[in-house]
Amino acid sequence: MNEPVIDTATAHSARVWNHWLGGKDNYPADREVGDHIREIFPGIVTAARADRAFLVRVVTHLVREAGVRQFLDIGTGLPTANNTHEVAQALAPESRVVYVDNDPLVLSHARALLTSVPEGTTHYVDADMHEPEKVLAAAREHLDFTRPIGLTIMGTLGHIADDATARSLVRAYVDALPSGSHFAANDSTNTSAEVVEAAEHWNANSAAPMHLRSPERIEEFFDGMELLEPGVVSVSRWRPDTTDAGVPEHVDQYGGLARKP
Ligand SMILES: C[S@@+](CC[C@H](N)C(=O)[O-])C[C@H]1O[C@@H](n2cnc3c(N)ncnc32)[C@H](O)[C@@H]1O
């Protein structure tokens, strides 16, 4: 593996996210922007954690209830707690996971993602999600596209500002999946003044601008699929664990899970 060139001068999405999640894989530029955003919008840390907990509940549902054993995780982020393969393989060790990201730092940490249990597989693809043919060709080397696949695009579609482009990319990926596959996504939403201000600061100081969408725009990504209950909601309220007391706090991060008919 060639040593990737890492731009440490500008804040990068995966690294700032890692900082909010309490990780160490970030640089001063990431911490500076991340801390400033946390001042404007203290809810970001809760949102980042709620986002990860949503991923855990989605993958758990897919393995336990839907019988899915293959995952394509686009916009992986830096390895943290409860990565997709860890959640899936803890429940079904034979699970196969393909991760896709285009950040060189994620690539340099990919080995940490490749710690599959022997019964399953984990692969990493260094690619831009704007190139679905390339991503799908690489995924086909490791996943069986005649059997259901769980496609997850978490916290990543907001990096594609144009709605039509984002929708057509989701369509390209979903179209490649067999019936019975599932698609889950979540993203930051323009549902509070603080998150809008935080996104403006982020966009002025980062390598990859984040485009906030309304919950309705996020729901459109699931068009043509069977959206599972409770639909597209604040991720903390998507099938919260029964141990959670009362209704979990709303976060400006919406997501859902749908089945391909
Ligand atoms: C906010 S992080 C989300 C990480 C993880 N999915 C999560 O929910 O915790 C967004 C990730 O998307 C990746 N990303 C952004 N644009 C991308 C693109 N065009 N192709 C592939 N990955 C991309 C970034 O490098 C980053 O790792």
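Criteria and cut-off values
Residues numbered from 1 in each chain as written. Predicted model: local features only at pLDDT ≥ 70, side-chain atom pairs only at ≥ 80, totals over all residues. Heavy atoms only, no water. Helix = DSSP H or I, 4+ residues; strand = E, 2+ residues; numbered from the N terminus. Buried < 20%, exposed > 50% of the residue type's maximum accessible area, 1.4 Å probe, protein only. Contact = heavy atoms within 4.5 Å. Areas by Shrake-Rupley, 256 points an atom, 1.4 Å probe, with all protein chains shown as cover. Arc of directions from axis to C-beta.

- An unreviewed UniProt entry lists the protein chain under the name SAM-dependent methyltransferase, with Nocardiopsis alba given as the organism.

**Quick word on the overall build of the protein chain**
Here is step 1 of the chain: Looking only at helices and strands, the protein chain has 10 helices and 8 strands in total.
Here is step 2 of the chain: In terms of its C-alpha atoms, the protein chain occupies a principal-axis envelope of roughly 45 × 45 × 40 Å.
Here is step 3 of the chain: Among the 261 residues that make up the protein chain, the fraction classed as buried is 53%.
Here is step 4 of the chain: Within the protein chain, residue pairs in contact and separated by at least 24 positions form 73% of the contacts whose partners lie at least 6 positions apart.
Here is step 5 of the chain: If you sum the accessible surface of the protein chain, you get close to 11,300 Å²; carbon and sulfur atoms cover 50% of it.

**A word on the side chain of H19**
Here is step 1 of the chain: Positionally, H19 belongs in helix α1 (residues 13–20).
Here is step 2 of the chain: Beyond its immediate chain neighbours, meaning those up to four positions away, H19 contacts N26, R31, G34, D35 and R38.

**Overview of helix α7 (residues 132–140)**
Here is step 1 of the chain: Every buried residue of α7 is listed here: P132, V135, L136, A138 and A139. The buried residues of α7 occupy an angular sector of 160° when the element is viewed end-on, so they sit on one face.
Here is step 2 of the chain: Considering only its buried residues, α7 is in contact with β1 (70–74), β2 (96–101), β3 (121–126) and α8 (163–175).

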